Amino acid sequence: MRIISKKKIRDYSKDNAQAEFPLIEWYMTMQTTSAKTLTELRKTFNSVDHVYGYTIFNIGGNHYRLITAIHYNTQRCYIRTIWTHAEYSKAYNQAKLKQGEL
(Lines give C-alpha, C1' and ligand atoms only; values in the text may rest on other atoms or scores of the structure.)
Protein backbone atom coordinates (compact mmCIF):
# COMPACT_ATOMS: atom_id res chain seq x y z
CA MET A 1 0.00 0.00 0.00
CA ARG A 2 1.24 3.50 -0.76
CA ILE A 3 1.33 5.86 2.25
CA ILE A 4 0.83 9.59 1.76
CA SER A 5 2.69 11.27 3.41
CA LYS A 6 5.62 10.18 5.53
CA LYS A 7 6.30 13.85 6.31
CA LYS A 8 3.55 13.82 8.97
CA ILE A 9 5.34 10.97 10.73
CA ARG A 10 8.69 12.80 10.57
CA ASP A 11 7.17 16.05 11.83
CA TYR A 12 5.31 14.35 14.69
CA SER A 13 8.43 12.40 15.67
CA LYS A 14 10.47 15.60 16.02
CA ASP A 15 8.30 16.71 18.95
CA ASN A 16 7.53 13.20 20.24
CA ALA A 17 10.73 11.19 19.98
CA GLN A 18 9.25 8.19 21.80
CA ALA A 19 6.66 7.85 19.01
CA GLU A 20 9.22 7.59 16.22
CA PHE A 21 9.97 3.86 16.41
CA PRO A 22 6.34 2.67 16.63
CA LEU A 23 5.33 5.00 13.79
CA ILE A 24 8.19 3.86 11.54
CA GLU A 25 7.35 0.26 12.38
CA TRP A 26 3.72 0.91 11.35
CA TYR A 27 4.91 2.62 8.15
CA MET A 28 7.15 -0.29 7.14
CA THR A 29 4.43 -2.85 7.84
CA MET A 30 1.78 -0.83 6.06
CA GLN A 31 3.93 -0.54 2.93
CA THR A 32 4.00 -4.31 2.57
CA THR A 33 0.29 -4.90 3.09
CA SER A 34 -2.15 -5.22 0.24
CA ALA A 35 -5.36 -5.45 2.29
CA LYS A 36 -8.53 -4.91 0.30
CA THR A 37 -10.85 -4.49 3.29
CA LEU A 38 -10.73 -3.52 6.96
CA THR A 39 -11.14 -7.19 7.87
CA GLU A 40 -8.02 -8.07 5.90
CA LEU A 41 -6.17 -5.15 7.47
CA ARG A 42 -7.05 -6.48 10.95
CA LYS A 43 -5.07 -9.63 10.14
CA THR A 44 -1.95 -7.46 10.11
CA PHE A 45 -2.96 -4.84 12.70
CA ASN A 46 -4.96 -6.09 15.68
CA SER A 47 -5.91 -2.64 16.90
CA VAL A 48 -7.45 -0.86 13.93
CA ASP A 49 -10.95 0.57 13.81
CA HIS A 50 -13.18 2.36 11.34
CA VAL A 51 -14.59 5.56 12.89
CA TYR A 52 -16.61 8.17 10.98
CA GLY A 53 -15.03 7.22 7.66
CA TYR A 54 -11.46 7.19 8.98
CA THR A 55 -9.28 4.19 9.72
CA ILE A 56 -7.68 4.64 13.13
CA PHE A 57 -4.65 2.71 14.32
CA ASN A 58 -3.58 2.36 17.95
CA ILE A 59 0.19 2.84 17.87
CA GLY A 60 2.88 2.38 20.51
CA GLY A 61 0.98 0.30 23.02
CA ASN A 62 -2.19 2.40 22.78
CA HIS A 63 -0.32 5.69 23.42
CA TYR A 64 -0.98 7.23 19.99
CA ARG A 65 -3.76 7.33 17.45
CA LEU A 66 -2.84 7.43 13.79
CA ILE A 67 -5.85 8.68 11.85
CA THR A 68 -5.86 7.72 8.18
CA ALA A 69 -8.12 7.68 5.16
CA ILE A 70 -7.60 4.45 3.26
CA HIS A 71 -8.70 3.90 -0.32
CA TYR A 72 -8.50 0.14 -0.71
CA ASN A 73 -9.33 0.21 -4.43
CA THR A 74 -6.24 2.33 -5.25
CA GLN A 75 -4.12 0.92 -2.38
CA ARG A 76 -3.45 4.38 -0.93
CA CYS A 77 -3.34 5.38 2.72
CA TYR A 78 -3.54 9.08 3.51
CA ILE A 79 -2.24 10.05 6.95
CA ARG A 80 -4.63 12.70 8.25
CA THR A 81 -3.21 13.32 11.73
CA ILE A 82 -1.49 11.74 14.72
CA TRP A 83 -2.80 12.29 18.24
CA THR A 84 -1.93 11.02 21.67
CA HIS A 85 -4.57 8.90 23.36
CA ALA A 86 -5.53 11.91 25.51
CA GLU A 87 -5.91 14.20 22.47
CA TYR A 88 -8.04 11.59 20.70
CA SER A 89 -10.36 11.38 23.70
CA LYS A 90 -11.12 15.13 23.81
CA ALA A 91 -14.64 16.09 22.79
CA TYR A 92 -13.59 18.71 20.25
CA ASN A 93 -11.31 16.23 18.46
CA GLN A 94 -14.10 13.67 18.41
CA ALA A 95 -16.32 16.35 16.86
CA LYS A 96 -13.66 16.99 14.19
CA LEU A 97 -13.67 13.28 13.37
CA LYS A 98 -17.43 13.11 13.20
CA GLN A 99 -17.64 16.16 10.94
CA GLY A 100 -14.81 14.96 8.70
CA GLU A 101 -12.63 18.01 9.37
CA LEU A 102 -9.26 16.25 9.26
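Structure report, in brief.

The rules behind the values
Residues numbered from 1 in each chain as written. Predicted model: local features only at pLDDT ≥ 70, side-chain atom pairs only at ≥ 80, totals over all residues. Heavy atoms only, no water. Helix = DSSP H or I, 4+ residues; strand = E, 2+ residues; numbered from the N terminus. Expected span 1.5 Å × (residues − 1). Buried < 20%, exposed > 50% of the residue type's maximum accessible area, 1.4 Å probe, protein only. Arc of directions from axis to C-beta. Core = buried A, V, L, I, M, F, W, Y, C linked by side-chain atoms within 4.5 Å. Contact = heavy atoms within 4.5 Å. Pairing = 2+ DSSP bridges.

1. Digging into helix α2 (residues 20–32)
Part 1 of the argument: With 13 residues, α2 should cover 18 Å at 1.5 Å per step; its first-to-last C-alpha distance of 19 Å lies within 8% of that length.
Part 2 of the argument: Looking at α2, one finds that the buried residues are Pro-22, Leu-23, Trp-26, Tyr-27 and Met-30. Here the buried residues of α2 occupy an arc of 140° about the axis, which is enough to place them on one side. Of the exposed residues in α2, the ones pointing more than 90 degrees away from its buried face are Phe-21 and Thr-32.

2. A closer look at the nonpolar core
Part 1 of the argument: Among the nonpolar cores identified, the biggest contains 23 residues, and Leu-23, Trp-26, Met-30, Leu-41, Phe-57, Leu-66 and Ile-70 are the most heavily contacted of them.
Part 2 of the argument: Broken down by secondary-structure element, the contributors of at least two residues to this core are α1 (6–15), α2, α3 (38–44), β3 (54–59), β4 (64–71) and β5 (76–84).
Part 3 of the argument: Looking at this core element by element, the count peaks at four residues for α2.
Part 4 of the argument: Beyond its immediate stretch of four places on either side in the chain, Phe-57 contacts Trp-26, Met-30, Leu-41, Phe-45, Ser-47, Val-48, Tyr-64, Arg-65, Leu-66, Thr-68 and Ile-70.

3. With respect to the pairing of β4
Part 1 of the argument: Counting buried residues along β4, seven of its eight residues qualify, which places the element largely inside the surrounding structure.
Part 2 of the argument: Between β3 and the antiparallel strand that follows it, β4, lie four residues; Gly-60 among them carries a positive phi value of about 65°.
Part 3 of the argument: Sheet topology places β4 next to β5; eight bridges connect them, and they run antiparallel. Opposite Ile-67, over in β5, you have Thr-81 as the bridge partner.
Part 4 of the argument: Linking β4 back to β5 in an antiparallel pair, the connection comprises four residues, with Gln-75 at a positive phi of about 55°.

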